[in-house]
Amino acid sequence: MDRDLVAETRRQWEEEVLEPRVRRFNLPESPTRFYTPLDTDHGDFLEKVGFPGWFPFTAGNSPFDYWRAHARTAALFGYRPDWGGGGKVGKYGGFGTPADYRDYLLRMQAMGRKGGPNMAFDLATQCGYDSDSPHAEGEVGRVGVAVDSFRDFAVIYEAFTGELDIDKVPSNFTINAPACVIIAMYTALAARRGIDPAKLTGTPQNDILKEFISRGTYIFPPRPSMRLFRDTLTFMRKHMPLMNVNSIGGYHIREAGATREQDLAFSMANGIAYIQAGIDGGLMVDDFAPMFTFNAFGGSMEIYHEIAFQRAARRMWAHIVRDRFGARDKRSMMIRQPITAHIGCSSTTLKRPLNNLTRSVIGGIAAGMSGGLPGAYPPFDEPLGLGHSQEAVQLQIDATRILIYEAKVADVCDPWAGSYFMESLTDKIEEEALAELEKVEKMGGAIAAIENGYMQRAVAKSAYERQKRIEGLEEFVVGVNCFTGENEIEIMVNRVVEATYDPELMETAEERQKASLAALRRERDGRAVLSSLKALEAKAKDEKENLMPVICECVENDCTLGEICDVLRNVFGEAQPVKL
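A.B. asks: So what exactly am I meant to see when it comes to the pattern of salt bridges here?
C.D. replies: Between side chains of opposite charge, a pair can form when the charged atoms approach closely. Under the counting rule described, the total for this entry stands at 44 salt bridges. Note that Arg 11 and Glu 8 form a salt bridge whose closest N and O atoms lie 2.4 Å from each other. Remark: Glu 8 and Arg 11 occur in helix H1 (residues 3–24); sequence separation between them is 3 residues, near one turn of the helix. A relative accessible area of 37% places Arg 11 in the partly exposed class. By relative accessible area, Glu 8 is classed as partly exposed at 33%.

Here you go:
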């Protein structure tokens, strides 16, 4: 290919075709762009893209996933596809008391949804407070299930016995600062049921650094928090080798307002810190990095950019883990995540909410074209309040099925590979993210950049700037800041299925949970509680001690989550929010 000829031809095309068109519409510049070989660095295909399942994983982690194999097998043998969910994790959820959530899970199982629990915890639990704490007032069981003790944890798992016992289905725990306590409860539950913890599978989110950057449910300062991460990592690798260690979440960072490049850079910086914690804990990178997962990165409605983002993210992580940490196992270099490209919940709108289904389908197309399950996420009623309706979930699942089985979006691996446009955009996102990562690294890495407030301020500034663009009509959101005239129709959906979460149970959850907690305090062995908490305090003062064994002891002796966290607060101190 003669690049000089392409350049000269492009110049002529711009003069004879593009510029007259721009002038005709009185525009300062073209609203579109046409890409040519001049827009890429024409580098080595194997180095920049490669094949699916091979380094650098730009084209994807594998040639096809479970869902595509499932679809093909169903077609070959002429049977109907089944989405029963057995052996997999179920839909993210949680509310009220442990008994309320248990009953919800049983109801889902009766509807054929037999995946393992994917727990959302209430804010009091996430922040290390018991339900009778003044700090918990008004929050008990509201945005997730309240879990004060091992007794509560065991009640939830009454829904999982027999063919759905904990050694047969995975469990996901969306919790970070007190993740060590929940992991200890899971271990204790296995012991109670006579199950070897080595057989347990699942994923604790256990991603404390993003809490400081964006979400806010931290308890202890960054460095003691990372000690707890180190302790959980080394404990799980020894006793729970099939468990994922964490679920790193750029998703929350983008939802808080970060740009696409900040999302990627900060996620990589956090991942680097977590890998270093494992190495500092005495492990080799290939001993634990294969068990790292990524919850999801952020998303947007810009479909091309989100496809390029996923490709750039896989390539960046692969190079970091191989080149910086010397990994040799290809599993260490992969970004494993349940959700690839998507629109992000912040792209959904309260106004004309059914439009959100269209939006989520666009995200599903992006996911299918970027190496993942083409999931139409989230359900359309995401902005209407916690708890997706069964109608919205049905539409979401069907949209995903249509993308897989009818549109066959996932039939081609990385369909954009080699595109002048997509390769250029992938390179651009990676370059800008690497530049931002370099800034963080020069500060001393993610922990230092959190302690000095850089990351938090950068996200807040980006959020402010985007809102200004929306309010200034530089960015358009259909039904929100445009197409809002009196002739537009507001379309509603009849709700013919019972509410996902019973509002009456939600209303009484706090009172009932406090009563349960009071009963626990009366019935437990007070001396065993005090002895366990004193042992925890002594070991917490020694940085070299792994706290997981003593936390397991506390849990087994009915110490509450709040009591355990209070001991650690007294030793570690409490993190303070950064002034923006």
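A.B. asks: Help me understand the nonpolar core in this model?
C.D. replies: Soluble globular proteins tend to bury their nonpolar side chains together. Phe 153, Tyr 157, Leu 264, Met 268 and Phe 292 are the most contacted members of the largest nonpolar core, which has 126 residues in total. For this core, the leading source of residues is helix H7 (residues 179–192), giving 11 residues. Setting aside residues up to four positions removed in sequence, Leu 264 forms contacts with Phe 297, Phe 309, Ala 312, Ala 313, Met 316, Ile 429 and Ala 433.

A.B. asks: Just checking my understanding: could you explain the environment of Met 443 for this structure?
C.D. replies: Here Met 443 shows up in helix H16 (residues 420–443). Separated by 11 residues in the primary sequence, Met 443 and Tyr 454 have C-alpha atoms spaced 9.2 Å apart. In this structure Met 443 touches Ala 448, Ala 449, Asn 452 and Tyr 454, once residues within four positions along its chain are discounted.

A.B. asks: What is the right way to look at helix H14 (residues 355–368) in this model?
C.D. replies: In an α-helix, one turn spans 3.6 residues; hence positions three or four apart end up facing the same way. Given a rise of 1.5 Å per residue, 14 residues ought to cover 20 Å, and the 20 Å separating the end C-alpha atoms of H14 matches this to within 8%. Among all positions of H14, only Asn 356, Arg 359, Ser 360, Gly 363, Gly 364, Ala 366, Ala 367 and Gly 368 are buried. Elements that come into contact with the buried residues of H14 comprise helix H13 (303–324) and helix H15 (390–406).

A.B. asks: In this structure, what is going on with the sheet that holds strand S1 (residues 89–93)? I would like to understand it.
C.D. replies: Sheets are built from strands paired through backbone hydrogen bonds, the pairs being either parallel or antiparallel. Ordered in space as S1-S2-S3-S4, the 4 strands form an open sheet in which the pairing is parallel. Across the chains shown, the open sheet's two edge strands, defined by having one partner strand only, are S1 and strand S4 (202–204). The sheet shows a mean angle of 10 degrees between the axes of neighbouring strands, direction not considered. In the sheet, strand S2 (residues 116–120) pairs with strand S3 (residues 171–174) via 3 bridges, with the strands oriented parallel. Of the residues in S3, the one forming a bridge with Ala 120 is Thr 174.

A.B. asks: It is not clear to me how the packing of aromatic side chains should be interpreted in this structure. Could you clarify?
C.D. replies: A ring pair, where both rings are aromatic, is described by two values, the distance of the centres and the angle of the planes. Scanning all chains against the criterion turns up 26 aromatic pairs. Here Phe 266 and Tyr 454 contribute two aromatic rings whose centre-to-centre distance is 6.4 Å and whose plane-to-plane angle is 75 degrees, an arrangement assigned as edge-to-face. Taken together, the residues Phe 266 in helix H11 (residues 260–280) and Tyr 454 in helix H18 (residues 454–471) connect sequence positions 188 residues apart. Note on Tyr 304 and Phe 421: the rings are 5.2 Å apart at their centroids and 90 degrees apart in plane angle, and the pair reads as edge-to-face. With Tyr 304 in helix H13 and Phe 421 in helix H16, this residue pair connects regions lying 117 residues apart in the sequence.

A.B. asks: It is not clear to me how helix H21 (residues 548–556) should be interpreted in this structure. Could you clarify?
C.D. replies: Buried residues of H21: Met 548, Val 550, Ile 551, Cys 552, Cys 554 and Val 555, and no others. Among the structural elements, helix H6 (150–156), H7, helix H9 (222–239), helix H20 (526–540) and helix H22 (561–572) are those in contact with the buried residues of H21. Downstream of H21 by a residue or two, Asp 558 has a phi angle that is positive, lying close to 70 degrees.

A.B. asks: Help me understand unusual backbone geometry in this model?
C.D. replies: Leaving glycine aside, a negative phi is the common case for residues, and trans is the common case for peptide bonds. In this model, Phe 55 is joined to Pro 56 through a cis peptide bond whose omega is 5 degrees. In this structure, Pro 56 sits in the loop between helix H2 (45–48) and helix H3 (66–77). Residue Pro 378 follows Tyr 377 across a cis peptide bond; omega there is 0 degrees. Residue placement: Pro 378 occurs in the loop between H14 and H15. In this structure, Arg 352 takes a positive phi of about 45 degrees despite not being glycine. With respect to the element layout, Arg 352 can be found in the loop between H13 and H14.

A.B. asks: Where do I start with the state of the cysteines in this structure?
C.D. replies: This structure, assessed with the given rule, holds 0 disulfides. In this structure Cys 180 is not part of a disulfide, and its nearest cysteine sulfur, from Cys 565, lies 6.4 Å away. Judged by relative accessible area, Cys 180 falls into the buried class, the value being 4%. The thiol sulfur of Cys 559 is not disulfide-bonded, and the nearest other cysteine sulfur, from Cys 554, lies at 4.3 Å.

A.B. asks: Sorry, what's going on with a nonpolar patch on the surface here?
C.D. replies: Residues Phe 45, Leu 46, Phe 51 and Trp 54 make up a contiguous nonpolar surface patch of about 470 Å² in total accessible area. Counting through the fold element by element, Trp 54 comes out in the loop between H2 and H3.

A.B. asks: When you look at the pairing of S3 in this model, what are you seeing that I'm missing?
C.D. replies: Consecutive side chains of a regular strand alternate in pointing toward one face of the sheet and then the other. Residues of S3 alternate between two faces, with Ser 171 and Phe 173 on one and Asn 172 and Thr 174 on the opposite face, all of them buried. Each parallel crossover has a hand, and the one from S3 via H7 to S4 is right-handed.

A.B. asks: I tried to follow the environment of Ser 131 on my own but got confused; where do I start?
C.D. replies: Inspection of the secondary structure assignment puts Ser 131 in the loop between helix H5 (123–126) and H6. Sequence-wise, Ser 131 and Ile 470 are 339 residues apart; in three dimensions their C-alpha atoms are separated by 40 Å. The contacts of Ser 131, once residues within four sequence positions are left out, are Ala 136, Val 140, Ala 146, Asp 148, Gln 513, Lys 514 and Leu 517. A polar contact of 2.9 Å, which involves the side chain of Ser 131, links it to the side chain of Asp 148.

A.B. asks: What's the story with the packing of helix H8 (residues 208–215) against H9 in this structure? I'm lost.
C.D. replies: Helix-helix packing is described using two parameters, namely the angle between the two axes and the distance between the axes. In contact at an axis separation of 9 Å, H8 and H9 are set at 145 degrees when each is read in the N-to-C sense. On H9, the residues that touch Ile 208, Leu 209 and Phe 212 of H8 are Pro 222, Ser 225 and Met 226. Residues belonging to the contact of H8 with H9 are distributed by class as follows: 5 nonpolar, 1 polar and no charged.

A.B. asks: Can you help me understand the packing of H7 against H9 in this one?
C.D. replies: Orientation of H7 relative to H9, taken along the N-to-C sense of each, is 20 degrees, at an axis distance of 10 Å. In terms of their interaxial angle, H7 and H9 are classed as roughly parallel. Seen from above, H7 lies across H9 with left-handed handedness. Of H9, the residues touching H7 (which contributes Cys 180, Ile 183 and Thr 187) are Leu 228, Thr 232, Phe 235 and Met 236. Residues of the contact of H7 with H9, tallied by class, amount to 5 nonpolar, 2 polar and no charged.

Definitions and cut-offs
- Residues numbered from 1 in each chain as written.
- Predicted model: local features only at pLDDT ≥ 70, side-chain atom pairs only at ≥ 80, totals over all residues.
- Heavy atoms only, no water.
- Salt bridge = Lys/Arg side-chain N within 4 Å of Asp/Glu carboxyl O.
- Helix = DSSP H or I, 4+ residues; strand = E, 2+ residues; numbered from the N terminus.
- Buried < 20%, exposed > 50% of the residue type's maximum accessible area, 1.4 Å probe, protein only.
- Core = buried A, V, L, I, M, F, W, Y, C linked by side-chain atoms within 4.5 Å.
- Contact = heavy atoms within 4.5 Å.
- Expected span 1.5 Å × (residues − 1).
- Pairing = 2+ DSSP bridges.
- Axes fitted to C-alpha atoms, helices over the stretch in contact; angles between N-to-C directions.
- Phe/Tyr/Trp six-rings, centres within 6.5 Å; stacked < 30°, edge-to-face > 60°.
- Disulfide = S-S within 2.5 Å.
- Patch = residues over 30% accessible without salt bridge, like charges linked within 9 Å, V, L, I, M, F, W, Y side chains within 5 Å.
- Areas by Shrake-Rupley, 256 points an atom, 1.4 Å probe, with all protein chains shown as cover.
- Right-handed = clockwise from strand over helix to strand, strands pointing away.
- Polar contact = N/O pair within 3.5 Å; in protein donor to acceptor, adjacent residues only side chain to side chain.
- Nonpolar A, V, L, I, M, F, W, Y, C, P; charged D, E, K, R; others polar.
- Parallel < 35°, antiparallel > 145°, perpendicular 65-115°, else oblique.
- Left-handed = near helix turned anticlockwise from the far one by under 90°.

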